[in-house]
Structure formats: C-alpha cells, structure tokens
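# Descriptive structure summary
Each chain, letter by letter, is given below.
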Number of protein chains: 2
Amino acid sequence: MQMKAAVPVSVASLKAACSQCNLQELCLPFGMSENEIDRLDELVGARRKIKRQQHLYRAGDLFEAIYAIRAGSFKTDVLLEDGREQVTGFQMTGEILGLDGISTEFHTCNAIALEDSEVCVIPYGKLEELSREVEGLQHQFHKVMSREIVRDHGVMMLLGSMRAEERLAAFLLNMSQRFTARGFSAAEFHLRMTREEIGSYLGLKLETVSRAFSRFQEDGLVAVQQKHIRILDIVGLKKLLHHQPAGG
Amino acid sequence: MQMKAAVPVSVASLKAACSQCNLQELCLPFGMSENEIDRLDELVGARRKIKRQQHLYRAGDLFEAIYAIRAGSFKTDVLLEDGREQVTGFQMTGEILGLDGISTEFHTCNAIALEDSEVCVIPYGKLEELSREVEGLQHQFHKVMSREIVRDHGVMMLLGSMRAEERLAAFLLNMSQRFTARGFSAAEFHLRMTREEIGSYLGLKLETVSRAFSRFQEDGLVAVQQKHIRILDIVGLKKLLHHQPAGG
DNA sequence: GGGCTACGTTGATCCACGTCAACCACAAAA
DNA sequence: TTTTGTGGTTGACGTGGATCAACGTAGCCC
C-alpha cells in the first residue's frame, strides 16, 4: 500500500451511512424522511466485520449497542446448562440484532455469524437520545421491537401446534419471502444454516428435518441439493400448513 | 342516581393514577422518578373492566392503545385457520398487553380475561409523545418491550427443547416467582387457566398436563387439587429442569 | 336436592418423531 | 491422489406424548 494523504472516501467506507445504504427499506430507516435519515447517520457507529462461526455477542455480555446486519446472516441461540441449544432465530440483511439486551443491560442470547458478515453498530444510549428528538426514528424503532414480538409468537405457534412437515414448510415459505424482500429469487436460494440448526429452531432433530426435506422432494414440492433449495410448488407447500393431515 | 354536583373523588376513581398505584414496582412506572410518574398520570386514560372470558382486543382489531393490568389476569393467543389455538402467554397484574399491535397498527393476537379484570388504557400516540419528553418513561417502555422478547425466547426454549415434565415444572416455577413478586405465597396459589390452556401454552395436550401434575404429586413435589397448587419441594422441581432424564 | 355442564383424571392403544447406526457427499488438507 | 472431517441421508427400532374413551368432580341453575 502506497503512502498518500487520506482520502475522505476511505474514511466514509469505515463508517456506516444509512442515507447511502440500499438496505434502507428493510432496516431501521424504513418509513423515515430523508431529513430524519440524515440525522440517523450521526448516530450509527463504525461497521464491524464478523467471520463465519464467530460471535457478535454472547449471553452475559454487557449490552451497549444494537446491530443492523449490513451483509451476511446470523443465528441467535440460547443454551441450557446441560448443553441443549435452542436457536431462537435466523437474521438476514437489514434485520436488527441485540434487542434482548435492553431489558437487563446484559445480552441473554448468543448471536453467531452463519457466514462472513458485517454489521452496523448502533450505540444504544445514543439511539435513545436521538429517538427523543426524531419522531420517525422513535416510531420505527418501536415497530422493529414489536415486529420481533410478533415474529416470536409465530415461532411459538409453530413449535407448539404444528407437526414436523408443517414446521419445515412454514420455515421454507418464510425464508422464501425474506429472500424475495431482498431482491433474490423466491423459488431458489441457498440456506446458510445446517440441518441441525434448522432442527433446533423448529424443535426437531436433524434426521427429522432431513427426512422432511426428502419427503417434500418425493412429493415434487421442492428440489433439495444439500443447502441449495428450489421451490417447485409453492401452493402445495402452503397447503401443508393449514390442515393437519390426520383429519383434525 | 341523585342530581348533584360532580365530586372530584368520583372522577378520580374512573381515571387511573400511576402515582397512587401499588403496582408501580411491577408496571410501566418502575424505575421512574416521582416527577416522571406524575407526568405519566397525564397520559394514562380511563380504566376498563373486562369480564371473565371476554376479549380485551382481538387479532385484526385496530391498534390504538396498550394496556396495563390493574386487576385480574389474561391469556393471549393466536388462532390458526383450522382452529388450532396457541396460547402465547399468561399475564398478571402490572404486566403490559398489546405490544404486538405496534408493528402493523393492528393487533395480531387475542387477549382474553381469565377472570373479571381491569386494565388501565394507555393511548399509544400519547405514550410515544410523552416518552420523547420523559427519558425515564422512554427507557422503561423499551425495557418492557425487550423483556417481552426475552420472555418469548424462554418459551421457545421450553417448546423446542424440553420434555413434558420439564415444561410443566418450568411453568410452575415461573408462576410461583410471579406470584411472589406480587406479594402472594410462592408455594401456594390458584391457577386461573384450564389444563387445556396450560397445555396449549406448553405445546402439550391437556391429558399430558394432567398426567404430569399427577406424577409430580406422586413424587411429592406438589399437592394438586384442581386449580389449587401447593409446591412442596421447590428444589426438586428445579432439579427436573436441568437434566433430561433419559441420560443425554 | 337433582340435573346439567365444564373441567379434570386415568387407562389402553397408537404413531410421529427420537435414537442409534451405517453410509454418502463434498471440501479442505496433506 | 488420498485422507480427514463435517454435514447430510437413510434405515431399523424404541418411546414419549397424542388419541380415544370412560369416569370423577365441582360449580351452577332450576
């Protein structure tokens, strides 16, 4: 690398700038005015890169900031003393991590990168401060938290009331919808998580997940090749959701 | 009713007053200064009585306010098209209902009184407004939402990774802890919900819940008489949680 | 009091999913 | 090219909890 005077652009590349970000529509700035987003730029700190399998934060860590996923993807999980793991969610670009920490000032779950990823660091103290001034930010932040609560209720429904194949169908449809929202194909995508992680999320063992994938393939609903998924019959998948097979 | 000039006291009895409420420590005012709580009084609207089995709100209702439980208790649930119900939570005095509605401006679950109950109505628009001015309110409100997220993660753990008896033990310990926080006995309490509702919450059938209760009774952990519960061996119950019996 | 209704308990049987085990696919290292 | 490791698939079998069914209990209204 040559020695030369620092160029503003290189500094800008280290700092996040919501106003320039193409994830606005999916992220905290959604619904905010241009002016408001400019104010948001003040508060978003540096970006941070997280390598695959590394922790963004751990249960027990002091809570200082929330994180917006700029690139890559994560899982969050909770561990029981005896080693059992419950994956509580998979997060994609534009989604916010760390909200669990507000309640006690300590994080209560782990956030782990599923691939090499990058997050924007949003210092929480500053966020509260600014959202007292910027109405749009306040409102949007509340919506983000509320959406998390609603999402969690959906997972409870899934874990509490659905059978294995319904759960996997719901999972695939959810992934498809989120890929679509990010401009990717609704029908063909690459899962970043293992069968075991999907199983943990869905309250199933990895073998059950694998068998359900095979069943869907036999039935012509999807084409599965390891982590690569092609949805062939989205209507068929949706039909799986709404009536339990054993004539209820 | 006789015609006479309105007396301030009778008006006050219709309106909530956080500053006078003995549930402060459990509710939105927790951690706020006396001054801040006085400001909170401005915004909390009338109380509303809800009879047993009646809805406070339904999935699909327009979201306008959140509610603090002043007396009684509630369940929240989500219904699937085919009629399956998932209870997403049981709420007691001081707890906040309705946070799910912020995300879409519509409620996404039902809130139903388990007994004759009363709530304080907190108009959401006003809450956002005031929490831009009152730092303590803003912070506390965020904590309440975050706590809900953390609680939901706990339920996911329960539904995704625990066996029937672990789930019921976790449920009983949680109830006991919440009764304690409200000044009731930790060891002896009255459940307001049916076996079916407990089962729905825990992802089990009512028969399984009933059998687990019977098993706990045989093992001398609790004395069960319908909805009346007496915990005899809290340590024993806790031990159930942390190692799955079938030598994992 | 007697009958009704909602809720709870208990037993017998069934089955969806877990468990255990073998094998396969692919990627990175040697 | 083989080796090694991680993740995925598939089969055989076991079991925890669901299902089906009968009966018990408590509150409520007439």
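None of the values given here were measured: they were computed from a predicted structure. (Residues numbered from 1 in each chain as written. Chains lettered and ligands numbered in written order. Predicted model: local features only at pLDDT ≥ 70, side-chain atom pairs only at ≥ 80, totals over all residues.)

A few words on the overall build of chain A. Each helix and strand counted, chain A has eight helices and 11 strands in total. Since a compact globule built from 248 residues should have a radius of gyration of about 18 Å, the 20 Å found for chain A is in line with a globular shape. Considering only C-alpha atoms, chain A reaches an extent of 65 × 40 × 35 Å along its principal axes. For chain A, the proportion of its 248 residues judged to be buried stands at 42%. Intrachain contacts of chain A at a sequence separation of at least 6 include 70% that bridge at least 24 residues. (Helix = DSSP H or I, 4+ residues; strand = E, 2+ residues; numbered from the N terminus. Rg over C-alpha atoms; globule rule 2.2 N^0.38 Å. Buried ≥ 20, exposed ≤ 12 C-beta atoms within 10 Å, placed from the backbone. Contact = placed C-beta atoms within 7 Å.)

Residue and element names in this part refer to chain B. Within the chain, Glu 105 stands out as a residue other than glycine whose phi angle is a positive 75°. Summarising the element assignment, Glu 105 is placed in the loop between strand 6 (96-97) and strand 7 (110-113). The phi dihedral of Gln 226 is positive, around 55°, even though this residue is not glycine. Of note, Gln 226 is situated in the loop between strand 10 (222-225) and strand 11 (228-231). The class for Gln 226 is exposed, based on 9 C-beta atoms found within 10 Å.

Moving on, we get to the protein's contact with DNA strand C. Taken together, 20 residues sit near DNA strand C, with A:Arg163, A:Thr208, B:Thr194, B:Ser210 and B:Ser214 positioned nearest. Elements that contribute at least two residues to the surface near DNA strand C include exactly helix 7 (206-218) of chain A together with helix 6 (195-202) and helix 7 (206-218) of chain B. Counting residues per element, the surface near DNA strand C draws most heavily on helix 7 of chain B, at six residues. Considering only residue class, the surface near DNA strand C consists of six nonpolar, six polar and eight charged. (Near = placed C-beta within 6 Å. Nonpolar A, V, L, I, M, F, W, Y, C, P; charged D, E, K, R; others polar.)

All names here are of chain A. In contact at an axis separation of 8 Å, helix 5 (residues 164-181) and helix 8 (residues 234-241) are set at 135° when each is read in the N-to-C sense. Considering their axes alone, helix 5 and helix 8 lie oblique with respect to each other. Like other packed secondary-structure pairs, helix 5 and helix 8 cross with a definite hand, here left-handed. Facing helix 5, whose interface residues are Glu 165, Glu 166, Ala 169, Ala 170, Leu 172 and Leu 173, helix 8 presents Leu 237, Lys 238, Leu 240 and Leu 241. (Axes fitted to C-alpha atoms, helices over the stretch in contact; angles between N-to-C directions. Parallel < 35°, antiparallel > 145°, perpendicular 65-115°, else oblique. Left-handed = near helix turned anticlockwise from the far one by under 90°.)

Around DNA strand D, a shell composed of 20 residues is seen, among which A:Thr194, A:Ser210, A:Ser214, B:Arg163 and B:Thr208 lie nearest. Elements represented by at least two residues in the surface near DNA strand D include exactly helix 6 (195-202) and helix 7 of chain A together with helix 7 of chain B. Per-element tally for the surface near DNA strand D: the top contributor is helix 7 of chain A, with six residues. Counted by class, the surface near DNA strand D contains six nonpolar, six polar and eight charged residues.

Our focus in this paragraph is the relation of the copies chain A and chain B. Laying chain A over chain B is done by rotating through 180° and shifting 0.0 Å along the axis; what remains is an RMSD of 0.0 Å. Here the transformation between the copies is reduced to the relation of a two-fold axis. Taking C-alpha positions as the reference, the residue of chain A nearest the rotation axis is A:Arg132, at 2.1 Å. The share of interface residues of chain A whose copies in chain B are also at the interface is 100%, consistent with both copies meeting through the same surface. (Least-squares fit on C-alpha atoms with pLDDT ≥ 70 in both.)

The next subject is the confidence of the model for chain A. Mean pLDDT over chain A works out to 92, with 91% of the residues at or above the 70 mark. In this model, residues 1-12 of chain A is a region of pLDDT below 50 whose contacts with residues beyond four sequence positions or in other chains number two contacts. (pLDDT = per-residue confidence, 0-100.)

Here we come to the domain arrangement of chain A. Residue and element names in this part refer to chain A. For chain A, the domain assignment lists domain 1 (9-158) and domain 2 (163-241). Put simply, the middle of domain 1 and the middle of domain 2, counted by C-alpha atoms, are 25 Å apart. At four residues, strand 5 (residues 85-91) tops the list of elements feeding residues into the side of domain 1 that touches domain 2. Classifying every residue of the side of domain 1 that touches domain 2 gives six nonpolar, three polar and three charged. (Domains from an automatic or database assignment.)

Below, the discussion takes up the environment of B:Ile231. Residues and elements named next belong to chain B. Along the chain, Ile 231 falls in strand 11. Taking the number of C-beta atoms within 10 Å as the measure of exposure, Ile 231 has 20 and is therefore buried. For the pair formed by Ile 231 and Leu 221, sequence separation is 10 residues and the distance between their alpha carbons is 6.3 Å. Other than its neighbours up to four places away in sequence, Ile 231 contacts Leu 172, Ser 176, Ala 187, Val 222 and Leu 237.

Let us now look at the packing of helix 6 of chain A against helix 7 of chain A. Residues and elements named next belong to chain A. Axis separation between helix 6 and helix 7 bottoms out at 8 Å; the angle between their running directions is 100°. With respect to helix 7, the axis of helix 6 lies roughly perpendicular. Packed against helix 6, whose contacting residues are Arg 195, Glu 196, Ile 198, Gly 199 and Leu 202, the element helix 7 presents Leu 206, Thr 208, Val 209 and Ser 210 at the interface. Of the residues assigned to the contact of helix 6 with helix 7, the class counts are four nonpolar, three polar and two charged.

With that out of the way, let us pick up the sheet that holds strand 3 (residues 65-71) of chain B. Residue and element names in this part refer to chain B. Spatially, the four strands line up as an open sheet ordered 1-8-3-6, and their pairing is antiparallel. Pairing within the sheet leaves two strands with one partner each, and these edge strands are strand 1 (47-50) and strand 6. Across four bridges, strand 1 lies against strand 8 (residues 117-123) in antiparallel orientation. Counted as the bridge partner of Arg 48 is Val 119 from strand 8. Strand contacts of helix 3 (residues 124-133): strand 3 and strand 8, with the helix running at about 60° to strand 8, the strand carrying the most contacts. (Pairing = 2+ DSSP bridges.)

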